[in-house]
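Chain by chain, the residues:
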Number of protein chains: 2
Amino acid sequence: MSITEISKNAKAASILMAPLSGDVKNTALAAIADALKANSAKIIAENELDLADTKKDNTATPLVKRLKFDQSKIADVCAGIESLINLEEPVGKTLEARELDKGLELYKVSCPIGVIGVIFESRPDALVQISTLCLKSGNGVLLKGGSEAKRTNRVLANIISEAAVKAGLPQGWLGLLETRDDVAAMLKLNKYIDLIVPRGSNEFVQHIMKNTTIPVMGHADGICHVYVDSEADADMAVNITVDSKTQYCAVCNALETLLVHSDIAQTFLPKVKDALQAKGVEIYGCEKTAAIIDVKAATEEDWKTEYLDLTLSIKVVGSIDEAIDHINKYGSGHTDCIVTNDTAKAAKFMDLVDSGDVFFNCSTRFSDGFRYGLGAEVGVSTNKIHARGPVGLEGLLIYKWRMIGGGHIVSDYAGADAKAFTHTELNKEYKL
Amino acid sequence: MSITEISKNAKAASILMAPLSGDVKNTALAAIADALKANSAKIIAENELDLADTKKDNTATPLVKRLKFDQSKIADVCAGIESLINLEEPVGKTLEARELDKGLELYKVSCPIGVIGVIFESRPDALVQISTLCLKSGNGVLLKGGSEAKRTNRVLANIISEAAVKAGLPQGWLGLLETRDDVAAMLKLNKYIDLIVPRGSNEFVQHIMKNTTIPVMGHADGICHVYVDSEADADMAVNITVDSKTQYCAVCNALETLLVHSDIAQTFLPKVKDALQAKGVEIYGCEKTAAIIDVKAATEEDWKTEYLDLTLSIKVVGSIDEAIDHINKYGSGHTDCIVTNDTAKAAKFMDLVDSGDVFFNCSTRFSDGFRYGLGAEVGVSTNKIHARGPVGLEGLLIYKWRMIGGGHIVSDYAGADAKAFTHTELNKEYKL
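The structure displayed is predicted, hence computed values, not measured ones. Here the residue numbers are simple positions, counted from 1 along each chain's written sequence. Whichever chain is written first becomes A and whichever ligand is written first becomes 1, with later ones labelled in order. It should be noted that, the model being predicted, local features are given only for residues of pLDDT at least 70 and side-chain atom pairs only at 80 or more, the latter also being counted only at that level, while totals for whole chains, interfaces and linings use all residues.

A. Focus on the overall build of chain A. When helices and strands are counted, chain A shows 16 helices and 17 strands. With respect to the three principal axes, the spread of C-alpha positions in chain A is 75 × 70 × 35 Å. Neighbour counting defines burial: a residue surrounded by 20 or more other C-beta atoms within 10 Å of its own C-beta is buried, one with 12 or fewer is exposed, and intermediate counts give partly exposed, using backbone-placed C-beta atoms. Here chain A holds 432 residues, and the buried ones make up 56% of them. Working definition of a contact: two residues with C-beta atoms, positioned from the backbone, lying within 7 Å. Across chain A, every contact between residues at least 6 apart in sequence was considered, and the portion connecting residues at least 24 apart equals 73%. Strands here are runs of E lasting at least two residues and helices are runs of H or I lasting at least four, both read from the DSSP assignment and numbered beginning at the N terminus.

Written out as structure tokens, the structure is:
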């Protein structure tokens, strides 16, 4: 089938998915978990073929690690599906209800977006998470995973799609894309696809944005900062810095640039340097940093770099305002933290830093859908519309305005004898 | 000043606008209304120069009518500002509050988007409405109006910008663009501009989308439908059809295609034809329509056309499903209505029609921010993310995740002795 046909089918399916009850969707989710368990031998066999190929190609070890999909990964994704089933039904919630006039009632009701195209990395568990999130939110989904995982993705997509259709989902709700050409074709289909979610580097997200008129929810760079204020508890600041940088450095919510107030730099920098070096972190510092501790010289480029590695840049700043300006200039609007004992300064920092996630005295690594209690996440948005930061089910929903009248016409509310609108808020749910 | 500098200044101003209190913003809005009244002679004089130019150019009468900005229009926009002042403060609302663990609290708090670029038609009142909506929602704004209104726009933008700055808004919060080149330059400035709102034809919105990576909230075509079901009250259906088509035909929420169930066509079509022709409506019909009433032949092109005029296409359909399929295929996702006495059919129609506004027994012309009780509107979105249908203040807002800790680090929640998250909903507002 061509990508156009796959997308057209997904669109047609999405229309039928919108009114599905929570029961039907939850039964389908349970059927998917059962089918994944029942077919685990087959899944693991296909995954081993993918793994064998990457080993032949001498692919880097971290990729191989992410690609591996064994019994324990299957158990993990099934547990994820279980918790998704337990989340409240997100579709059909009445968000506003208003009487415009007697017998003329307006309801703003949550509904699925339609068809979501997701381009994700080489983790097969991402395919399971994303497709089940889309199912729960009533959206059709087009999935393009890493080519290294192609056999695993194929078998997973078949199992998930078929189990759901048997449980009452419309045929075609899930489509699998396999090549870069497929992605290029998808980007042109704004008639059938309502939102693209690309997960990857800033360049990749920018590339997608430049090549489509479909709205894009970018999951781009995380150039995250910790600002250690003059009023910071130095030990707490060391802990937060080390955790933000080293707890898992290959991810978007890891720390990349540490900003230190000049009043505390003399005592704080040697402490944090020891702690970071004990974890193997390489440090690039500004001139003022280099005057206090022994570091490599940072250049302008360092402030713009997402290292995704055990590397950190450090800059000494003269004031909280300089820190805020630096973050708004060089940051990526992801997650930024202030460490201070001065609540007024924290309030200022959180008001003026223009990022999706602004933290006070805690690690940037908390910026994550599971930790936030969103249940699951489809990605972390660095956009400034629709959804920001970790995106769970809610980011896959929009709303419809539903109006119920009794023959009401606008002529009666215009001109000399115009009737007035009552505009009374109604305390009830949409129901027909 | 270059467009880059204007945009950079608006971005810097937007950072300072985000934490402004409702009092400061409302004082600024009142000052704007006062300044518009105090300068009305000057505004009217500039507007008369614009009007004189268009008369020289033999510009079409409707445009001249929209361009005219007299004492009564000034009173109207000032009344609009008054009602904006009375709306609840939209920024800083706590949307979610959750304890992740003892002393680690997460808040989702509403905030402005940043800088909004709005491209609008020749109505100078639009400039006042859009700039004051952006002010109330804490956003910087770049405005490009119709070139016919350039003197009026210039004097209005100066008055509004200065009155607000005197009342405490940061310099540069409002920028005026004047040429198409300015727009082309703006579309490249994704570093400083967070959202583009183009108001105009579908082609124009598509052109904007193709030429920018900035998110676009399109206010595009309204190909609206009324479906007259077999169970409809024929008199009500005639009333709703006539109002939807003729109450004001040059707007996006006016009816363009009437769908009629074949079971009612024989009796309904002659009635609706008489009523429409009394209002001067020209009708194009499908073959089945033409077999019942005397109409011009509709072609495939008619189903895709937004006439914006006293012209209507009519199609006879065999079932509600055919009506829904027609709307989802040819509609623009704007506003569509079913007329029926069968509530189950209405429910089905409203569930399956994939439009921002779905109506039951009332005129499509109700699809409007003022009638909905949103206070004011920046446009009508035909997008499927962020905001849909009439967009008021809420569509100019997004949220920030704000987390308050006491030195919490992620290492403590990982590995063998991992602490568990409490994930308890908090019943309190964000406050620092």
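Read on, since the account is not over.
B. Here's a closer look at the relation of the copies chain A and chain B. When the copies are superposed, the least-squares fit takes in the C-alpha atoms of residues with a pLDDT of at least 70 in both. Mapping chain A onto chain B is achieved by rotating through 180° and translating by 0.0 Å along the same axis, at an RMSD of 0.1 Å. Here the transformation between the copies is reduced to the relation of a two-fold axis. The rotation axis passes nearest to the C-alpha of H386(A) in chain A, at a distance of 2.0 Å. Most of the interface of chain A is mirrored in chain B, where 100% of its interface residues again form contacts.

C. Fine view of the packing of helix α10 (residues 234–246) of chain B against helix α11 (residues 262–278) of chain B. Residue and element names in this part refer to chain B. Angular values range over 0 to 180 degrees, each being the angle between N-to-C directions of two axes fitted as lines to C-alpha atoms, with helices fitted over their stretch in contact. Remark: α10 packs on α11, axes separated minimally by 10 Å, with the N-to-C direction vectors making an angle of 40°. With respect to α11, the element α10 is oriented oblique. Crossing geometry of α10 relative to α11 is assigned as right-handed. Contact residues: A234, A237, V238, T241, V242 and K245 in α10; I264, T267, F268, K271, V272, A275 and L276 in α11. Lys, Arg, Asp and Glu make up the charged group, whereas Ala, Val, Leu, Ile, Met, Phe, Trp, Tyr, Cys and Pro make up the nonpolar group; the residues left over, Gly among them, are polar. The class makeup of the residues in the contact of α10 with α11 is 9 nonpolar, 2 polar and 2 charged. Just so you know how the angles are binned, under 35 degrees is roughly parallel, over 145 roughly antiparallel, 65 to 115 roughly perpendicular, and the rest oblique. Crossing handedness is defined as follows: a turn of the near helix away from the far one that is anticlockwise and smaller than a right angle gives a left-handed crossing, while the clockwise case is right-handed.

D. Structural detail: helix α3 (residues 40–56) of chain A. Residue and element names in this part refer to chain A. In a regular helix each residue adds 1.5 Å, so 17 residues correspond to 24 Å; α3 covers 24 Å between its end C-alpha atoms and thus fits that length. Along α3, the residues that are buried comprise I43, E46, N47, D50 and L51. Axial view of α3: buried residues confined to an arc of 145°, hence all on one face. Facing away from the buried side of α3 by over 90 degrees, the exposed positions are A41, K42, L49, A52, K55 and K56. Buried residues belonging to α3 abut α4 (61–67), α5 (71–86), α6 (124–136) and α7 (150–166). Looking one or two residues past α3, N58 carries a phi angle of roughly 55°, positive in sign. Multiplying one less than the number of residues by 1.5 Å gives the expected span of a helix. Picture the helix axis, draw a direction to every C-beta atom, and the arc is the one those directions span.

E. The environment of N9(A), seen in detail. Residues and elements named next belong to chain A. By the secondary structure assignment, N9 is in helix α1 (residues 3–17). The exposure class assigned to N9 is buried, which follows from the 20 C-beta atoms found within 10 Å. Between the alpha carbons of N9 and W173 there is a distance of 7.2 Å; along the sequence they are 164 residues apart.

F. Local environment of the interface of chain A and chain B. Listed per partner, the contact involves 66 residues of chain A and 66 residues of chain B. A breakdown of the residues in the side of chain A that touches chain B according to their chemical character gives 33 nonpolar, 20 polar and 13 charged.

G. Main features of the domain arrangement of chain A. All names here are of chain A. Domain extents, as shown, originate in an automatic or database domain assignment. Partitioning chain A into domains gives domain 1 (3–220 + 382–396) and domain 2 (224–372). Here the C-alpha centroids of domain 1 and domain 2 sit 34 Å apart. Tallying the contact residues gives 7 residues for domain 1 and 10 residues for domain 2. Among the residues forming the side of domain 1 that touches domain 2, the class breakdown is 3 nonpolar, 3 polar and 1 charged.

H. Representation of the confidence of the model for chain A in the model. The score called pLDDT rates the predictor's confidence residue by residue, from a low of 0 to a high of 100. Taken as a whole, chain A shows an average pLDDT of 95; of its residues, 100% reach a score of 70 or greater. Predicted complex metrics record ipTM = 0.93 and pTM = 0.93.

I. Representation of the pairing of strand β5 (residues 174–177) of chain A. Residues and elements named next belong to chain A. Burial along β5 is two-sided: the residues L174 and L176 and G175 and L177 are all buried. Pairing between strands requires that DSSP locate at least two bridges from one strand to the other. Bridge analysis of strand β4 (residues 140–144) against β5 gives 4 bridges, and the strand direction is parallel. What sits directly across from L143, in β5, is L176.

J. Region of interest: the sheet that holds strand β9 (residues 282–285) of chain B. One open sheet holds the 11 strands; their spatial order is β17(A)-β1(A)-β2(A)-β16(A)-β13(B)-β12(B)-β7(B)-β8(B)-β11(B)-β9(B)-β10(B), and the pairing between them is mixed. Two strands bound the open sheet, and with one partner strand each, they are β17 (424–425) of chain A together with β10 (296–297) of chain B. The sheet contacts of helix α14 (residues 320–330) of chain B involve β7 (224–228), β8 (255–261), β11 (311–317) and β12 (335–339) of chain B, and relative to β11(B) the element is tilted by about 140°. Those strands touched by helix α15 (residues 343–352) of chain B are β16 (397–408) of chain A together with β7, β12 and β13 (357–362) of chain B, and its axis lies near 155° from that of β13(B).

K. Main features of the sheet that holds strand β5 (residues 174–177) of chain B. All names here are of chain B. Sheet architecture is open: 4 strands sit in the order β5-β4-β3-β6, paired in parallel fashion. Lying at the two open borders of the sheet, with one neighbouring strand each, are β5 and β6 (195–198). Averaged over neighbouring strand pairs, the angle between their axes works out to 15° when direction is ignored. Along the sheet, helix α6 (residues 124–136) contacts β3 (115–119), β4 (140–144) and β5; its crossing angle with β4, the most-contacted strand, is approximately 165°.

L. Spatial organisation of the packing of α5(A) against α6(A). All names here are of chain A. Two elements in contact, α5 and α6, have axes whose closest approach is 10 Å; the angle formed by their N-to-C orientations is 15°. The orientation of α5 relative to α6 falls into the category roughly parallel. As α5 runs across α6, the sense of the crossing is right-handed. The segment α5 lies against α6, with K73, D76, V77, G80, I81 and L84 engaging D125, V128, Q129, T132, L133 and K136. For the contact of α5 with α6, the per-class residue count stands at 5 nonpolar, 3 polar and 4 charged.

M. Highlighting α6(B). Residues and elements named next belong to chain B. Between its first and last C-alpha atoms α6 spans 19 Å; for 13 residues at 1.5 Å apiece the expected length is 18 Å, and the two agree. Burial runs high along α6: 12 of the 13 residues are buried. Downstream of α6 by a residue or two, G138 has a phi angle that is positive, lying close to 80°.

N. Spotlight on the environment of L432(B). By the secondary structure assignment, L432(B) is in the segment after β17 (424–425). In this structure, the C-alpha to C-alpha distance between L432(B) and N86(B), residues 346 residues apart in sequence, is 26 Å. Excluding its chain neighbours within four sequence positions, the residues that come into contact with L432(B) are T343(A), A346(A), A347(A) and M350(A).

O. Inspection of the pairing of strand β11 (residues 311–317) of chain A at higher detail. Residue and element names in this part refer to chain A. Buried residues dominate β11, accounting for 6 of its 7 residues. Of the pairings in the sheet, the one linking strand β9 (residues 282–285) to β11 comprises 4 bridges and is parallel in character. For Y284, the partnering residue across the bridge sits in β11 and is S313.

P. Fine view of unusual backbone geometry. All names here are of chain A. Phi at L308 is positive, roughly 55°, even though this residue is not glycine. Here L308 is to be found in the loop between α13 (300–303) and β11. Despite not being glycine, H423 has its phi angle at roughly 45°, a positive value. Checked against the element boundaries, H423 lands in the loop between β16 and β17. Taking the number of C-beta atoms within 10 Å as the measure of exposure, H423 has 16 and is therefore partly exposed.

Q. Spatial organisation of the environment of P112(A). Residue and element names in this part refer to chain A. Residue placement: P112 occurs in strand β2 (residues 104–112). As a C-alpha pair, P112 and M17 span 95 residues in sequence and 8.4 Å in three-dimensional space. Residue contacts for P112: discarding those within four places in its chain leaves S14, M17, A18, V91, S137, G138, N139, L396 and L397.

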